[in-house]
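# Coordinate inspection notes
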Amino acid sequence: MSVPYRLISESIERFPLGYPLGQTDFIATRHYYINWEQGSQTNIDNTLLMVVFYFGLIGIAFNAAYVLKAAQYLVLRR
């Protein structure tokens, strides 16, 4: 399991409705979220995963709706 997915799964378990916007304390405390310069990395580079981290289960629903609308648009536009 890659690190961002592990972070998201742990955050959903502890904070099902999401983590407060702008707060990075939870990310900084994860021992596996260390960058190559041996410092803590406190950002999530993937926008869809960031939405899930900060909005929890609602973020999953938002991403599902976004993906469905994008697929619908692509199918209709071909």
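Structure report, in brief. (Residues numbered from 1 in each chain as written. Predicted model: local features only at pLDDT ≥ 70, side-chain atom pairs only at ≥ 80, totals over all residues. Heavy atoms only, no water.)

Moving on, we come to the nonpolar core. Judged by nonpolar contacts, the single largest core of 13 residues is most densely connected at L7, I8, I27, Y33, I44 and F53. Going through the elements one at a time, α1 (3–14), α2 (25–28) and α3 (47–77) are the ones with two or more residues in this core. Per-element accounting of this core gives the leading share, four residues, to α3. (Core = buried A, V, L, I, M, F, W, Y, C linked by side-chain atoms within 4.5 Å. Buried < 20%, exposed > 50% of the residue type's maximum accessible area, 1.4 Å probe, protein only. Helix = DSSP H or I, 4+ residues; strand = E, 2+ residues; numbered from the N terminus.)

A few words now on the packing of α1 against α3. α3 packs onto α1 with a crossing angle of 40° between their chain directions and a minimal axis gap of 10 Å. The pairing of α1 with α3 is recorded here as oblique in orientation. At the point where α1 passes α3, the crossing takes the right-handed sense. Seen from α1, the contacting residues are P4, Y5, I8, S11 and I12; seen from α3, they are L49, V52, F53, G56, L57 and I60. Classifying every residue of the contact of α1 with α3 gives nine nonpolar, two polar and no charged. (Axes fitted to C-alpha atoms, helices over the stretch in contact; angles between N-to-C directions. Parallel < 35°, antiparallel > 145°, perpendicular 65-115°, else oblique. Left-handed = near helix turned anticlockwise from the far one by under 90°. Contact = heavy atoms within 4.5 Å. Nonpolar A, V, L, I, M, F, W, Y, C, P; charged D, E, K, R; others polar.)

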